[in-house]
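Here's the letter readout for the chains.
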Amino acid sequence: MTLQPVAPPHPLTVAEYLAIGEIEPGYSELVEGRLVMCASPVFDHQDFLFELHSQVRSQLPPGLVAAQDLDLDLQLVPADGPGTVRRPDLVVATREAQLRLRREGGVLRASEVVLVVEVVSPSSVRTDHVVKRGEYADAGIPHYWIVDLDDPVSLIACHLAGDFGYRDGGAVTGLFSPTAPFAVEIDLDPPAPTGP
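Quick caveat: nothing in here was measured; it's all calculated off a predicted structure.

Asker: If you had to explain the overall build of the chain to someone new, which residues and values would you point to?
Answerer: Looking only at helices and strands, the chain has four helices and 13 strands in total. Going through the 196 residues of the chain one by one, you find that 41% of them count as buried. When contacts within the chain are restricted to residue pairs at least 6 apart in sequence, long-range pairs at least 24 apart make up 53% of them.

In structure tokens:
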């Protein structure tokens with residue numbers, strides 16, 4: 001038996017969205033009060049994301065933590081308004097945010113995040129490059145990286161530039177070595193695992 005989702009009677013707040021819980025298969029996001037269903041990422045997407053998370057996490061300065069696949073309240077409207085909750089592939093947030101979530105529960109807040117990363121899927125090209133780029137900038141998240149897995153793997157590093165939203169220096173391949181939001185070296189073409 002397959003259950004069909006029932007549309008809520010009104011645009012959801014972040015609290016109402018969180019009360020729904022997990023929806024299977026795949027996952028959901030909240031966009032201006034509307035539930036949006038997203039397909040689960042494919043193997044290559046998850047494999048690259050695991051490697052990226054490992055590289056970032058091992059080089060983080062004290063006070064910052066990295067996590068995959070967490071709900072993120074973009075805080076674009078008051079708590080009683082139709083909220084927007086995205087689930088970036090990777091976030092780097094303050095350790096204080098992690099401790100707050102342990103104490104209080106709830107969801108990560110945009111004001112606690114220094115970096116979001118999205119790995120582009122064939123079905124998310126426009127969403128990641130245009131829609132989320134605008135949303136994350138409006139939410140005041142200082143840095144946004146967009147990774148494209150097409151060969152060669154490339155990364156666009158966006159940073160807030162005042163009234164202009166995000167600015168970027170174009171796509172990079174190979175070794176990526178930014179100094180902001182923290183100094184890190186990312187190998188965008190890590191060696192493939194060897195078999196037995």
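Asker: Hey, could you go over the pattern of salt bridges for me, with residue numbers and the actual values?
Answerer: Enumeration according to the criterion identifies eight salt bridges in this entry. Arg87 serves as the salt-bridge partner of Asp69, at 3.9 Å between the closest nitrogen and oxygen. Note that Asp69 is positioned in the loop between strand E3 (64-68) and strand E4 (72-73) and Arg87 in the loop between strand E5 (85-86) and strand E6 (90-94), a separation of 18 residues in sequence. Take Asp69: its relative accessible area is 44%, and that puts it in the partly exposed class. The salt bridge involving Glu118 is made with Lys132; its shortest N-O contact spans 3.2 Å. Placement of the pair is Glu118 in strand E8 (residues 113-119) and Lys132 in helix H4 (residues 125-138), with a sequence separation of 14 residues.

Asker: Any chance you could break down the sheet that holds strand E11 (residues 166-173) for me, citing the residues and the numbers?
Answerer: Strand order across the open sheet formed by six strands is E3-E6-E8-E9-E10-E11, with mixed pairing between neighbours. The strands lining the two open edges of the sheet, one partner per strand, are E3 and E11. Here the average twist between neighbouring strands, direction ignored, is 15°. Packed on one face of the sheet, helix H2 (residues 43-57) meets E3, E6, E8 and strand E9 (143-148) and runs near 170° to E3. Across the sheet, helix H3 (residues 95-104) is in contact with E3 and E6; its angle to E6 comes to roughly 90°.

Asker: Pulling in residues and values, what's your account of the environment of Pro181?
Answerer: Among the structural elements, Pro181 can be located in the loop between strand E12 (175-176) and strand E13 (186-187). With 22 residues separating them along the chain, Pro181 and His159 place their C-alpha atoms 8.9 Å apart. Setting aside its immediate chain neighbours within four residues, Pro181 contacts Val114, Leu115, His143 and Trp145.

Asker: Any chance you could break down the side chain of Ser154 for me, citing the residues and the numbers?
Answerer: With respect to the helices and strands, Ser154 occurs in strand E10 (residues 154-160). With relative accessibility at 15%, the residue Ser154 sits in the buried group.

Asker: Break down the nonpolar core for me, with residues and values.
Answerer: Formed by 22 residues in total, the largest nonpolar core has its most connected members in Val56, Val92, Trp145 and Phe182. Sorting the residues of this core by element identifies H2, E3, E6, E8 and E9 as the ones contributing at least two each. The contact partners of Phe182, leaving out residues within four places of it in the chain, are Val56, Leu60, Pro61, Leu64, Val92 and Leu115. Core analysis: the second largest hydrophobic core is formed by 19 residues, Val91, Ala93, Val116 and Ile146 among them.

Asker: An account of the environment of Ala79 is needed here, citing residue identities and associated values.
Answerer: Within the secondary structure, Ala79 sits in the loop between E4 and E5. A relative accessible area of 73% means that Ala79 is categorised as exposed. When the C-alpha positions of Ala79 and Val14 are compared, they lie 6.9 Å apart, and in sequence the two are 65 residues distant.

Asker: Explain unusual backbone geometry to me, using residue names and the numbers behind them.
Answerer: Residue Pro152 is reached from Asp151 by a cis peptide bond, and omega for that bond is 0°. Relative to the assigned elements, Pro152 resides in the loop between E9 and E10. Across the junction of Ala180 and Pro181, the peptide omega takes the value 10°, indicating a cis bond. Despite not being glycine, Asp69 has its phi angle at roughly 55°, a positive value. Positive phi outside glycine occurs at Gln75, with the angle close to 55°. When you line up the elements, Gln75 lands in the loop between E4 and E5.

Quick notes on the rules
Residues numbered from 1 in each chain as written. Predicted model: local features only at pLDDT ≥ 70, side-chain atom pairs only at ≥ 80, totals over all residues. Heavy atoms only, no water. Helix = DSSP H or I, 4+ residues; strand = E, 2+ residues; numbered from the N terminus. Buried < 20%, exposed > 50% of the residue type's maximum accessible area, 1.4 Å probe, protein only. Contact = heavy atoms within 4.5 Å. Salt bridge = Lys/Arg side-chain N within 4 Å of Asp/Glu carboxyl O. Pairing = 2+ DSSP bridges. Axes fitted to C-alpha atoms, helices over the stretch in contact; angles between N-to-C directions. Core = buried A, V, L, I, M, F, W, Y, C linked by side-chain atoms within 4.5 Å.

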